[in-house]
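# Topology and contacts: notes
Listed here are the chains, written in short residue letters.
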Amino acid sequence: MLIFNHSSFLTFTLTGIPGLESQHLWLSLPFSSMFLAILIGNGAILFLVATEPTLHSPMYLFLALLMVADLISALALVPKLLCLFWFNDKDITAKACFTQMFFIHGASVVRSALLVAMAFDRFMAVCEPLHYNTILSHSLVGRLGLVALAKGVILILPMPLLLQRLTFCHVVIPHTYCDHMAVVKMACGHAIPNRIYGLFVILLVVGLDLLLIGFSYGLILQAVVRLNSRDATCKALNTCSAHLFVILVTYVPALFSSLTHRIGPSVPPHAHVLLANLYLLLPSVLNPIIYGIKMKEIRHRVAKCLCRGPA
């Protein structure tokens, strides 16, 4: 058995999608299309929020922060993936691997924390509309954004730091990117602290964030039930619909990806890797579409820009 140290000279090899290596060129088409859609969609939302004073409300500021997290996640993942698919560039240094891991997983934690903040925003809009602008000031939005960023850094930074202490017996990673658990499996021995910490982060992020989101929507539902007017009920539910769709496209693929880890050998390796990539990219593709369709202000601004374009 070959044993490699954890020095800066260590290089890992990403295999891509196991069992589908011969199809990498064809698979690059949907991935490059998704990447282009992410850049255009998220970039357009960011541009609209930055340039339109009417979109400087807390809800749209949180949306802009979510778009930034989605862009960081995609930029950390897709360029290396496309180099692998197009040019068969499989090698990645340990430092580059750990850096990619930090940004991919860190962006996912930040995204989840922002969804909690957005649930609080929707709670305030439905349950406390008279105090909405007073409580959710721009400074509070900024502080909540910093809390989300700090959460991502504090929770994910120990992952690459712990990995640097390990000795690796394998360097061929059967994945398209440096997923934490995929790299841990390359280590000699069981790397129990790394596995325990990875599980702790999943339980803390997904478990706690979903609990807080569920609590917010429980209070929202309680307030909606008390409304006597059908129009008021529909308006309140429509206010939350975009955020609910985003929660579904964020956490459902994450749940399936996590289940494939636990089920193990019964899931084909290519299915697990494809799900892991969809879990990261699908929300980034769909978020701008969901908010573009559901939010009237964004629809109007997009229509205004398109009508102004030929002139």
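Residues numbered from 1 in each chain as written. Predicted model: local features only at pLDDT ≥ 70, side-chain atom pairs only at ≥ 80, totals over all residues. Heavy atoms only, no water.

### Thoughts on the state of the cysteines
- The full count for this structure, using the stated rule, is 2 disulfides.
- Here Cys97 pairs with Cys178 through a disulfide, and the sulfurs are 2.0 Å apart. The disulfide joining Cys97 to Cys178 has a torsion of about -125° about its S-S bond and is therefore left-handed. With Cys97 in helix H3 (residues 94-127) and Cys178 in the loop between strand E3 (172-173) and helix H7 (180-184), this residue pair connects regions lying 81 residues apart in the sequence. Here the two residues Cys97 and Cys178 agree in accessibility, since each one is buried.
- For Cys169, the disulfide goes to Cys188, at an S-S distance of 1.7 Å. Taking the torsion about the sulfur-sulfur bond, which here is approximately 115°, the covalent link between Cys169 and Cys188 counts as right-handed. In this pair, Cys169 sits in the loop between helix H6 (158-163) and E3 while Cys188 sits in the loop between H7 and helix H8 (192-225), placing the two residues 19 residues apart along the sequence.
- Taking relative accessible area as the criterion, Cys188 reaches 26% and is therefore assigned partly exposed.
- Look at the chain and number its bonded cysteines as they come in the sequence; the links are 1-3, 2-4.
- Lacking any disulfide linkage, Cys240 is separated from the closest cysteine sulfur, that of Cys127, by 8.3 Å. (Disulfide = S-S within 2.5 Å. Helix = DSSP H or I, 4+ residues; strand = E, 2+ residues; numbered from the N terminus. Buried < 20%, exposed > 50% of the residue type's maximum accessible area, 1.4 Å probe, protein only.)

### Thoughts on the sheet that holds E3
- Read from one edge to the other, the open sheet built from 3 strands follows the order E2-E1-E3, with strand pairing classed as mixed. Each of the sheet's edge strands pairs with one partner strand only, and the pair in question is strand E2 (91-93) and E3.
- Of the strand pairs in this sheet, strand E1 (residues 11-14) and E3 are connected by 2 bridges, and their pairing is parallel. Paired with Thr13 across the two strands is Val172, which belongs to E3. (Pairing = 2+ DSSP bridges.)

### Describing the UniProt feature "transmembrane region" (unreviewed entry) in the chain
- Here, UniProt's "transmembrane region" (unreviewed entry) annotation points to residues 25-49, 61-87, 99-120, 140-163, 196-224, 236-259 and 271-291.
- A helix fraction of 100% and a strand fraction of 0% characterise residues 99-120, whose end C-alpha atoms lie 32 Å from each other.
- In residues 196-224, the share of helix is 100% and the share of strand is 0%. The end C-alpha atoms are 41 Å apart. (UniProt positions renumbered as here; feature names shortened; annotations may be inferred.)

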